[in-house]
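Overview (structure and organization)
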Amino acid sequence: MWDYSEKVLDHFHHPRNVGTIENPDGVGQVGALACGDALKLAFKLDEKKERIADVKFQTFGCASAIASSSALTEMIKGMTLDEASKVTNADIAKYLDGLPEQKMHCSVMGMEALEAAIANYRTGDTTVRELKDDPLVCTCFNVHESEIVEAVRINHLTTVEQVTNYTKAGGACGKCKGAIQAILDRELGNRAENGAARNAAAAPAAPVPFAELSPAKKVMAVEKVLEAEVRPSLRLDGGDIELVDVQGARIQVRFLGHCAGCMAANLTKNGLVEKKLREALGDDALEVEAI
Amino acid sequence: MDEPALHYLDNNATTMPAPEVVEAMMPFFTERWGNASSMYEFGGRVHRDMEAARAKVAALLGAGDPSEVVFTSCGSESDNHAIFGTVQALGPETTVITSKVEHPAVLQPCRALEERGHRVVFVGVHRDGTLDMDAYRGALSIPGPKLVTLMWANNETGVLFPIRECAELAKAAGAVFHTDATQAVGKVAEIDASAVPFDMLSFSGHKIHAPKGIGALYIRRGTPVRPFLLGGHQEKSRRAGTENVPYIVGLGKACELAAAELRDGTLGRVAALRDRLQEGLLAIPETVVNGNREMRLPNTLNVSFPYIEGEAMLFHLGDAGICASSGSACTSGSLEPSHVLRAMDAPFTALHGSLRFSLSRYTTDEDVDAVLETMPGIVRTLRELSPFGRGEEPDDPGAAR
């Protein structure tokens, strides 16, 4: 059982500012059903377009996600956008008299929704973070490098476990833990050594022709392409893909999440999965079969 | 007086120790505290009490010989003993066959063996949680020594695996067969070592109204399995450690009660309560039952309420004195939802909104009423808060695609 503060429980039981706003000035949404939590935040400015006159939220998530969202709305009501844009997840957690370490990602979700809503007002953009120039680190929870860097800087994080608690990155399959450590090392000043490691990790997949690889190497090569080129875009839609088997040039996969049973899965298979694998592995004979 | 009455519906997590069990144990703390392995009568008497308890456990399991029952500290120890002990006996070429939905006490030893270089096959399940028998048969065709370890009943969904058939297939393929029956013992009449050819069976006392800290491993005579805990001749050198006599006596009593329960209609009453709970909850819009409804324990109900999250529901239930569990990420101690529901390919609108209610002989109509009175309001409150489930879902690809 989580050890929640009185304030967290109060905001969970009596959430403030729940709902939507008609004709809002800014709307931001982060998270997804697949990830287990999501927050949609909308605000309306006063007539002079200076201060936040009204703010509402809708949250799908656990007690601390609901409490963090509610707290955030109370905090930013009446603020100018400049003031609001300086609110961090640490401020949200402090307002709630603290959150359990493993639940800090709930406060980060609040901060990110607010950033998204402000960006939406200022630029009309509906996505906060541009995918290009901001590598996707955790494909399970769709966490980008800039989000990790921000959490590390604001909260003075030093370990991968902390990064997971604050951003969820690394909290599922764990494959990105090395990349998170690399970000941490860089942020903590150990730039030189792990720069090399990161470059090595990003090296192209298969110098030996695919058909000549051993079965194990084939699996690794395919998995690498799926991870780097396929999963990120599937996950944007709440889907995923699992490598089932590789027999010669025949690659068996299974669609998961939203992709499983999706009407468009066949298009995805041919248009995305097969195409990416053929390109990256340099073998046009490759065939992908979804089972 | 603010504290609401307790409605305990989490019996797959642990059960209330039966008063009869506690009573049976008490003398072994105060008077009969001798060492069961000692040579004098003060210990010898205790030894006979322990053997009487062993006979009761053996009777519940249908074991021909009580010495086939080894007392352990818990179900997890029994599982570890069976898996590591057998693989050690069968050698480094051993293939391990298990399922994707096992309890972590089986999954993690299997993963550890995989890391040590063993071939481990994790057989999948169908969408209703039943075992993929074709995949299982395929795995059994792998040559060489094999250990199969499959759960009799799933702790999260209550779904039963056809253990008789699985064990028969395993024996025909020359494999050693272990079943984790922690959730099934006392709830499944078919558990009978004289009729079902399992070689080993694990279970735990605290799921059948004995206290925590006692379990057992049934080991059929002749099964190749090495001891797991070394350091003494207790349990015929199969499990070192001074015998935990008070708890062993408690387990014996609990098994005696469970055996009676299998005959006296208690389980039918529990199933009827569970079914009433199920029907009542299905009246809440979009509720889905996770797992096959026929091949299922009589006491377990796993339901999902799409678009809302499990921990939030548990907190609200807790306010009403109701104890249940969830497979949501926030309650699993990790960031991922239940591995069981994921293996079942549960629609992921439902993945984070699952609740498990598990009943026992002590569950009352009032307990079920309390849930049925509380749950609709909780779901409504949380759905009003949720950005999903409004039919629009601009940012939720689930509905549109």
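Residues numbered from 1 in each chain as written. Chains lettered and ligands numbered in written order. Predicted model: local features only at pLDDT ≥ 70, side-chain atom pairs only at ≥ 80, totals over all residues. Heavy atoms only, no water.

**Comments concerning the overall build of chain B**
- Scanning chain B from N- to C-terminus turns up 16 helices and 13 strands.
- With the principal axes as the frame, chain B shows a C-alpha extent of 75 × 60 × 35 Å.
- Here chain B holds 401 residues, and 59% of them are scored as buried.
- A separation of at least 24 residues holds for 72% of the contacts in chain B among residues at least 6 apart in sequence.
- Accessible surface, chain B as shown: approximately 15,500 Å² in total, 54% of it carbon and sulfur.
- Taken as two groups, the 37 positive and 51 negative side-chain charges of chain B have centres that lie 6 Å from each other. (Helix = DSSP H or I, 4+ residues; strand = E, 2+ residues; numbered from the N terminus. Buried < 20%, exposed > 50% of the residue type's maximum accessible area, 1.4 Å probe, protein only. Contact = heavy atoms within 4.5 Å. Areas by Shrake-Rupley, 256 points an atom, 1.4 Å probe, with all protein chains shown as cover. Lys, Arg positive; Asp, Glu negative; His and termini not counted. Charge placed at Lys NZ, Arg CZ, Asp CG, Glu CD.)

**Quick word on the overall build of chain A**
- Per the secondary structure count, chain A includes 11 helices and eight strands.
- A burial count over chain A gives 48% of its 291 residues as buried.
- A separation threshold of at least 6 residues defines the contact pool for chain A, and within that pool the share at least 24 residues apart is 55%.
- Just so you have it, chain A exposes about 13,500 Å², and 51% of that area is on carbon and sulfur atoms.

**Let's talk about the side chain of B:Thr179**
Residue and element names in this part refer to chain B.
- Of note, threonine 179 is situated in strand 6 (residues 176-180).
- Within the structure, threonine 179 has its side chain in polar contact with the backbone nitrogen of tryptophan 152 (distance 3.4 Å).
- In this structure, threonine 179 is in contact with Leu150, Met151, Trp152, Ile163, Phe198, Met200, Leu201 and Ser202, ignoring residues within four places of it in sequence. (Polar contact = N/O pair within 3.5 Å; in protein donor to acceptor, adjacent residues only side chain to side chain.)

**Some details on the nonpolar core**
- Counting 85 residues, the largest nonpolar core has B:Leu281, B:Phe305, B:Phe357 and B:Met375 as its most contacted members.
- For this core, the leading source of residues is helix 5 (residues 104-123) of chain A, giving nine residues.
- Each residue touching B:Met375, except ones within four places of it in the same chain, is listed here: B:Leu281, B:Ile284, B:Phe305, B:Met313, B:Leu317, B:Leu355 and B:Phe357.
- Residues B:Ala18, B:Leu60, B:Val125 and B:Leu297 belong to the second largest nonpolar core, which totals 75 residues. (Core = buried A, V, L, I, M, F, W, Y, C linked by side-chain atoms within 4.5 Å.)

**Section: helix 1 (residues 6-13) of chain A**
- Inspection of helix 1 of chain A places A:Val8, A:His11 and A:Phe12 among the buried residues, and these make up the whole buried set. Viewed along the axis of helix 1 of chain A, the buried residues span an arc of 105°, placing them on a single side of the element.
- On its buried face, helix 1 of chain A is in contact with helix 2 (63-76) and helix 4 (89-95) of chain A together with helix 11 (310-319) of chain B. (Arc of directions from axis to C-beta.)

**Points about the domain arrangement of chain A**
Residues and elements named next belong to chain A.
- If you check the domain split of chain A, you get domain 1 (6-123), domain 2 (136-201) and domain 3 (210-290).
- Taking only C-alpha atoms, the centre of domain 1 and the centre of domain 2 are 24 Å apart.
- Across the contact, 14 residues belong to domain 1 and 10 residues belong to domain 2.
- Between domain 1 and domain 2, roughly 1,100 Å² of surface is buried when both sides are summed, and carbon and sulfur atoms account for 49% of that area.
- It is Cys35, Glu101 and His105 in domain 1 that bury the most area against domain 2; as a group they hold 41% of the surface buried on that side.
- At the surface where domain 1 touches domain 2, the tally comes to one salt bridge. (Domains from an automatic or database assignment. Buried area = accessible area lost by both parts, 1.4 Å probe. Salt bridge = Lys/Arg side-chain N within 4 Å of Asp/Glu carboxyl O.)

**What to know about the interface of chain A and chain B**
- Counting residues at the interface gives 42 residues for chain A and 29 residues for chain B.
- Summing the contributions of chain A and of chain B, the shared interface buries around 3,000 Å²; its carbon and sulfur component is 65%.
- Between chain A and chain B we count one salt bridge in total.
- For the salt bridge of A:Lys103 with B:Glu311, the shortest nitrogen-to-oxygen distance reads 2.6 Å.
- In this structure, the connection of chain A to chain B is made through nine residue pairs in polar contact (both at pLDDT 80 or more).
- Where the side of chain A that touches chain B is concerned, the elements lending two or more residues are helix 1, strand 1 (26-32), strand 2 (37-45), strand 3 (52-60), helix 2 and strand 7 (250-257) of chain A.

**Description of the pairing of strand 1 of chain A**
Residues and elements named next belong to chain A.
- Alignment of strand 1 against strand 2, held across seven bridges, turns out to be antiparallel. By the bridge assignment, glutamine 29 is partnered in strand 2 with lysine 40.
- Adjacent in sequence and paired antiparallel, strand 1 and strand 2 are bridged by four residues, among which glycine 36 carries a positive phi angle near 95°. (Pairing = 2+ DSSP bridges.)

**Some thoughts on the sheet that holds strand 13 (residues 354-358) of chain B**
All names here are of chain B.
- Sheet architecture is open: four strands sit in the order 9-10-13-12, paired in antiparallel fashion. The sheet terminates laterally at strand 9 (288-289) and strand 12 (325-326), the two strands that pair on one side only.
- Sheet topology note: the strand 9/strand 10 (residues 300-304) ladder contains two bridges and is antiparallel. Its bridge partner lying in strand 10, valine 289 is registered against valine 303.
- Sheet contacts for helix 10 (residues 266-282): strand 9, strand 10 and strand 13; angle to strand 10, the most-contacted strand, approximately 10°. (Axes fitted to C-alpha atoms, helices over the stretch in contact; angles between N-to-C directions.)

**Considerations on the pairing of strand 13 of chain B**
Residues and elements named next belong to chain B.
- Of all five residues that make up strand 13, five are buried, and the element is covered over most of its length.
- Side chains Ser354, Arg356 and Ser358 of strand 13 all project onto a buried face; the interleaved residues Leu355 and Phe357 project onto the opposite face, where all are buried too.
- Where strand 10 and strand 13 come together, five bridges link them in antiparallel fashion. Bridging across to strand 13, serine 304 finds its partner in serine 354.
- The sheet contact formed by strand 12 and strand 13 spans two bridges and is antiparallel. In the strand pairing of strand 13, serine 326 is matched with leucine 355.

**Remarks on the sheet that holds strand 6 (residues 239-247) of chain A**
All names here are of chain A.
- The three strands lie next to each other as 6-7-8, forming an open sheet whose pairing is mixed. Sheet topology places strand 6 and strand 8 (287-290) at the edges, where each strand pairs with a single neighbour. In this sheet, adjacent strand axes meet at a mean angle of 30° when their direction is disregarded.
- As defined by bridge partners, strand 7 adjoins strand 8 across four bridges and the pair is classed as parallel. Paired with valine 253 across the strands is alanine 290, a residue of strand 8.
- This element, helix 10 (residues 215-236), spans strand 6 and strand 7 of the sheet and lies at about 160° to strand 6.

**Here's the deal with the packing of aromatic side chains**
- Applying the stated rule across the entire model yields nine aromatic pairs over all chains.
- Consider the rings of A:Tyr4 and B:Phe315, whose centres lie 5.3 Å apart with planes at 45°: the pair is tilted. In this pair, A:Tyr4 is assigned in the segment before helix 1 and B:Phe315 in helix 11, connecting two distinct chains. For the pair A:Tyr4 and B:Phe315, one class covers both residues: buried.
- Ring geometry for B:Phe29 and B:Tyr247: centres 6.3 Å apart, planes at 90°, overall edge-to-face. Remark: B:Tyr247 occurs in helix 9 (residues 245-263) and B:Phe29 occurs in helix 2 (residues 27-30); sequence separation between them is 218 residues.
- By relative accessible area, B:Tyr247 is classed as partly exposed at 23%.
- Taken together, the aromatic side chains of A:Tyr4, A:Phe12 and B:Phe315 make up a single cluster linked through ring pairs.
- The lysine or arginine in question, A:Lys7, covers the ring of A:Tyr95, its NZ or CZ lying 4.9 Å from the ring centre. (Phe/Tyr/Trp six-rings, centres within 6.5 Å; stacked < 30°, edge-to-face > 60°. Lys NZ or Arg CZ within 6 Å of the ring centre and 35° of its normal.)

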